[in-house]
Amino acid sequence: MLNMTHGTVKIFAGNSCPKLAKAIADKLELPLGKCEVSRFSDGEVSVTIGESVRGCDVFVIQSTSYPVNDNLMELLVMIDAFKRASCASCAVVMPYFGYARQDRKARARDPITAKLVANMLQAAGADRVLTMDLHSTQLQGFFDIPVDNLLGMPVLAKYFIANGFKNDDLVVVSPDVGSVARSRALASKFDAPLAIIDKRRPKANVMEVMNVIGDVKDKVCLMLDDMIDTAGTITQGAKALADNGAKAVYACCTHGVLSGPAIKRLDESVLKEVVILDTIQQPEGKLCPKIKEVTVADIFADAIERIYSYNSISKLFE
């Protein structure tokens, strides 16, 4: 059992990822707190806390995944409810941080919606945020409260090492220039070389492969990204690797957004297997046989225990 005092720390879950929340609570050997999050007939969020939280350190687990706005509003109302119920602190556990891609002005008159979400969380009363693989790490600077950004790469590396992946014929592939740092970190786990796919985006959710930088001929390629949304980047990248002589292509990511045609694209692609983490709860029966889900309950439970007991969480970044 983790070193936590029952009764002074409480774990609550919204509606976005109850399975992961239950798994985290089980790892901590704590029950999920009694809280009902429902809707009024006009769609307004209603939160009813079924137990006292006065003087407690509260952790609210809620990914702001699809439906993003509903889940975000649920989270804000829950934070407000806990603060008004006199909790000692309210930490937000967001395995997936929605709106993180809107973190800068790409064009004139663009909003910076990630900053707006950060402001809303703080205004609601959040005392800290625990998340995983923000789309850009600089987003932590949007907050004036502590933000712990856990890494999904070590969890994915552990899975592939356990499944026999070795450096003999393995090449880790970054699907774009922006993912080079995390891909290089994964490659170091296997002492494997790194390749990069040079792509361009003529418009949103459309990707074109320009070049494959690196030797992938007769190699097993492992592509790593922070998220798979419509799966255009991953599936077109996989095809480009196969066209350049790769003998097998695998893919993995932290966040399986899997919107629009993603499942169909992955199922029909040249990819042998796609590994995602359970930061976003997938609908029952949605995933195709190629997709394997790995849990992050252990790392989040460890982080919560370390935060609560005022211990360093830097070990979790290794």
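Residues numbered from 1 in each chain as written. Predicted model: local features only at pLDDT ≥ 70, side-chain atom pairs only at ≥ 80, totals over all residues. Heavy atoms only, no water.

### Considering the environment of Gln138
Definition in use: Labels follow the DSSP assignment, with helices taken as runs of H or I lasting at least four residues and strands as runs of E lasting at least two, numbered in each case from the N terminus. For every residue, the accessible area obtained with a 1.4 Å probe (protein chains only) is divided by the maximum for its type, and the residue is called buried under 20%, exposed over 50%, and partly exposed between those limits.
Turning to its location among the elements, Gln138 is positioned in the loop between β6 (128-132) and β7 (147-150). The exposed category is assigned to Gln138, whose relative accessible area is 59%. Considered as a pair, Gln138 and Asp103 are 35 residues apart in the sequence and their alpha carbons are 8.7 Å apart.

### Structural notes on the state of the cysteines
The criterion, for reference: Any two cysteine sulfur atoms lying within 2.5 Å of each other are counted as a disulfide.
Tallying each qualifying case throughout the model produces zero disulfides. Counting only cysteine sulfurs, Cys252 is the nearest neighbor of Cys253, a cysteine outside any disulfide, at a range of 7.4 Å. Cys288 forms no disulfide, and the closest cysteine sulfur to it belongs to Cys253, at a distance of 12 Å. For Cys288, a relative accessible area of 7% corresponds to the buried category.

### Comments concerning the side chain of Gln62
Stated formally: Definition of a polar contact: a pair of N or O atoms within 3.5 Å, with one able to donate and the other able to accept a hydrogen when the atoms are protein atoms, and with sequence-neighbouring residues admitted only if both atoms are side-chain atoms. Whether two residues are in contact is decided by their heavy atoms: any pair within 4.5 Å suffices.
With respect to the helices and strands, Gln62 occurs in the loop between β4 (57-61) and α2 (68-84). We classify Gln62 as buried; its relative accessible area is 0%. A distance of 3.3 Å separates a polar atom in the side chain of Gln62 from the backbone nitrogen of Asn15. Excluding residues within four positions of it along the chain, Gln62 makes contact with Gly14, Asn15, Ser16, Cys17, Asn71, Glu74, Leu75, Val93, Met94 and Pro95.

### What about the environment of Ser179?
Mapped onto the secondary structure, Ser179 falls in the loop between β8 (170-174) and α5 (180-190). You can call Ser179 buried: its relative accessible area is 2%.

### Focus on the packing of helix α1 (residues 18-27) against helix α8 (residues 297-308)
Which entries qualify depends on this criterion: Axis lines are fitted through C-alpha atoms, for helices just across the contact stretch, and the angle between N-to-C directions can take any value from 0 to 180 degrees. Working definition: roughly parallel below 35 degrees, roughly antiparallel above 145 degrees, roughly perpendicular at 65 to 115 degrees, and oblique for all remaining angles. Here a crossing is called left-handed whenever its near helix is offset anticlockwise from the far helix by less than a right angle, and right-handed whenever the offset is clockwise. When residues are sorted by character, Ala, Val, Leu, Ile, Met, Phe, Trp, Tyr, Cys and Pro go into the nonpolar class, Asp, Glu, Lys and Arg into the charged class, and all the rest, Gly among them, into the polar class.
At a closest axis distance of 8 Å, the pairing of α1 and α8 adopts a crossing angle of 55°. When the axis of α1 is compared with that of α8, the two are oblique. α8 is crossed by α1, and the crossing has right-handed handedness. Along the contact surface, α1 presents Leu20, Ala23, Ile24 and Lys27, while α8 presents Ala297, Asp298, Phe300, Ala301 and Ile304. For the contact of α1 with α8, a count of residues per class yields seven nonpolar, no polar and two charged.

### Some thoughts on the pairing of β4
The condition that has to hold: Here, any two strands with at least 2 DSSP bridges between them count as paired. Orient the strands so they point away from the viewer, and a crossover whose first-strand-to-second-strand path over the helix runs clockwise is right-handed.
Judged by how many residues are buried, β4 sits mostly within the fold: four of five residues are covered. Relative to β4, strand β1 (residues 9-13) is paired through five bridges, and the arrangement is parallel. Paired with Ala13 across the strands is Ile61, a residue of β4. Both β4 and strand β5 (residues 89-94) contribute to a ladder of five bridges, which runs parallel. Residue pairing for β5: Val60 is matched across the bridge by Val92. Once the chain exits β4 it traverses α2 before rejoining the sheet at β5, and the crossover so formed is right-handed.

### A closer look at unusual backbone geometry
Of the consecutive residues Tyr66 and Pro67, the connecting peptide bond is found in the cis state with omega at -10°. Inspection of the secondary structure puts Pro67 in the loop between β4 and α2. The backbone of Asp191 shows a phi angle near 55°, a positive value even though the residue is not glycine. Inspection of the secondary structure assignment puts Asp191 in the loop between α5 and β9 (194-203). Positive phi, normally seen in glycine, also occurs at Asp218, with a value near 60°. Assignment of secondary structure puts Asp218 in the loop between β10 (206-213) and β11 (220-228).

### Overview of the sheet that holds β7
With respect to topology, five strands assemble into an open sheet ordered β1-β4-β5-β6-β7, the strand pairing being parallel. Looking at which strands have only one partner, the edges of the open sheet turn out to be β1 and β7. Strand-to-strand, the axes of this sheet are offset by a mean angle of 20°, without reference to chain direction.

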